[in-house]
Structure formats: C-alpha cells, structure tokens
Amino acid sequence: MQAKLEQRFFLLMLVLVSLAFGWVLEPFWGSIFWACAITVIFYPVQRLLLGWIGDRPNTAALLTLVMCVLVVVLPVLAISTAFIQEGALFYDKIKSGEINPAEFIETIRQAFPAFTELLNRFGIETGELRERVSSAAVEASRMLAKEALAIGQNTFGFVLDLCLMLYLAFFLLREGHHLVELMVKALPLGDQRERLLFAKFAEVTRATVKGNLVVAVVQGALGGFIFWLLELPAPVLWGVVMAFLSLLPAVGAALVWAPVSLYLYGTGEWVVGSILLAYGALVIGLADNILRPLLVGRDTKLPDYLVLFSTLGGLSLMGINGFVLGPMVAALFLAFWQIFMEEFNP
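Residues numbered from 1 in each chain as written. Predicted model: local features only at pLDDT ≥ 70, side-chain atom pairs only at ≥ 80, totals over all residues. Heavy atoms only, no water.

J.: Outline the overall build of the chain, supporting the account with residue identities and numerical values.
T.: Helix and strand counts for the chain stand at 13 helices and zero strands. Along the chain, from the amino end to the carboxyl end, the secondary structure elements read α-α-α-α-α-α-α-α-α-α-α-α-α. Counting every position in the chain, which comprises 346 residues, the buried fraction comes to 34%. Long-range contacts, defined here as pairs at least 24 residues apart, represent 68% of the contacts in the chain between residues at least 6 apart. Here the chain has roughly 20900 Å² of accessible surface; of this, 71% comes from carbon and sulfur atoms. (Helix = DSSP H or I, 4+ residues; strand = E, 2+ residues; numbered from the N terminus. Buried < 20%, exposed > 50% of the residue type's maximum accessible area, 1.4 Å probe, protein only. Contact = heavy atoms within 4.5 Å. Areas by Shrake-Rupley, 256 points an atom, 1.4 Å probe, with all protein chains shown as cover.)

J.: Please give an account of unusual backbone geometry that cites residues and values.
T.: Despite not being glycine, Glu231 has its phi angle at roughly 60 degrees, a positive value. The exposure class of Glu231 is exposed, given its relative accessible area of 73%.

J.: Account for helix 8 (residues 191-229), with residues named and values stated.
T.: Compared with an ideal rise of 1.5 Å per residue, which puts 39 residues at 57 Å, helix 8 spans 56 Å between its outermost C-alpha atoms and is within 8% of the ideal. A positive phi of about 60 degrees marks Glu231, the residue just after helix 8. (Expected span 1.5 Å × (residues − 1).)

J.: Tell me about the side chain of Thr39, residues and numbers included.
T.: One can find Thr39 in helix 2 (residues 29-53). Excluding residues within four positions of it along the chain, Thr39 makes contact with Ala169, Leu172 and Leu173.

J.: Got a sec to walk through a nonpolar patch on the surface? Specific residues and values, please.
T.: Residues Leu62, Val66, Met67, Leu70, Val71, Val72, Leu74 and Val76 make up a contiguous nonpolar surface patch of about 670 Å² in total accessible area. When you line up the elements, Val71 lands in helix 3 (residues 57-96). (Patch = residues over 30% accessible without salt bridge, like charges linked within 9 Å, V, L, I, M, F, W, Y side chains within 5 Å. Salt bridge = Lys/Arg side-chain N within 4 Å of Asp/Glu carboxyl O.)

Take it as geometry only, folks, not as evidence of what the structure does.
Spelled out as structure tokens, the structure:
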C-alpha cells in the first residue's frame, strides 16, 4: 500500500514538474519548434557529412548549420525585409490617396455588372464589400508599417530568438539520435510504437516544411516575376503575399492574381490582364497542382483533402506554425488509430 501510494505521488509530481518546465519554456516555444523542424529537415545532411569527414559530430553539425543559414535563414530574412519595406511604402501610398482600394472594387463593379448581380444574389452588397476591402487594405498595410517599426525597435529580441533557434538546432543535430533513444527509453508506450511515432513525426515535419516552403517559394517567385514583368506595382510585396497565401492548398495565390486580372480588364488593359490570367492559371496554378501532391501528400501519405483541412485548421488555431503542426496532428492521429486497429482490435 505504501509503495503504491509513493508511486502515484511520484507520478503526480512528475506530471506537475513537466508542466512547470513547459510553462517556463513557453516564451521560447517558437524558437524550439523551428529548431526541431530545422533538425529534422537537415538531419540527412548531417548524416551525409559524418560519412564524409568521419566521427566528428561537432564539425558536421556546424557545417550543417552553416548550410542551413546560407540556404534558408539569410534568404528568408532578405525577402522579409524587402516585404516589410514595400508594405510600409504601400501603406504610405494608401494614406496619401495615391492608391485607393475602394476604387479598385468600383472599377471591377462597373466593368462586370453581371458579377455584381451574382454577388447581390448571394446577399453581398458591393458597397459594403468595397468598404470592407478598403478598410482591410488599410489595416493590413498599417500592420506592416507597425511591424517594420516593431522589428526596428525589437531587433535585439528578434536576433536573440534567432540565435537561440540556431544554438538549439546545433545541439539537436549533434545529439538528435541520442535524444530520440533517450525518449524511447523514457516513454511508456512500447519501444516499437514510439519509434513508429517518432518516424511519423520526422516524416510529416520534413514533408510539410520542405514541401510547403518549396511550393510557397516557387509560387511567390513566379507571381512576383510576372508582376515585375508586367510593371505592376510592388512585385516583391505581392510575391511574398502570394507565397504566404500558397500555404492554403487549392486557392492560395489566386486570391491575388485573379482580382488583379479582373481589375486590369476593368481598366481596359485587356492584353496585360489576359497575360496575367493565363500565367496565373497555367503556370502558378500548375506549380501548386503538381508540386504539392508530390512533395506533401505523397511523403506524408495523407489524402489531399486531409492535408487541406488539417493545414487550414492548424493555421487558424496556431498561426504560421500551424501549417506544419496541423498535418502533423493529422498524421499522428492516423498513426495512433493504425496501432489501435492492429494491436487492440485486429
């Protein structure tokens, strides 16, 4: 009786201490999460380097981290800086009246009266839509301007988070295999099940981050290129917006290039509008339809519809981290049910 009581009390204290430790680390969850994601993605590179240079884990981890910084971190920082700068400039143009989002909707409404009637049938008033689009554009551009100011004022905090992420990623790359073995030994789920779940975690993380980021970069680059080629304003801004929107399967970048095409038709720019529409549907759209199933759906072994819903749900609940965590939860859900059907309900 005494031994059982001590065991239960110890388990209770173990849970409480673990929760307290998680609460202490809460301010750094973003850095920890992306350090884990970087480790999972670049771990094959680490193993390859170890095969080349021999048993020198510190050197291999450092070289892998340098490669990650050059290939991923620095380009993302450069694009983010240009994006915020163009967003702040876009806000200034809206504030000065040089760009009027309400006029954009009004031009489309006058050029396509049938489109207006269709919206009215669904109970959408174009006047109300015009006001909403205008206020949303002002709010989004204002947020970008504030973000630029906040980043300038909180440069130390941003650099600290980045350094913590890279610092942790170095140790995870160096000690990742041993940490996984330690967790397999500690968790009471059965070694075979735990290895299956860890493998699924690595598989889904690698596929979603690598796949979604590749699709986002490709669609954003293609969108920004056509905006620059057609001499449309702020190609970097809209290219990055299309890259972010491409995280939403099926719709994504079309939320930018399709309305712009309609606006160009409404202003009489038929040739430019047709080029943008054809390029968006055939080039940008095909990039999503071809690359995403190959890089995400195939590697995660998740149906396309489950990838879509889990990504949308993850983004709505957890923000930008949700595009990885959503499909990961879905994959672990299927893995747990697969184990249950095979072992408990054959």
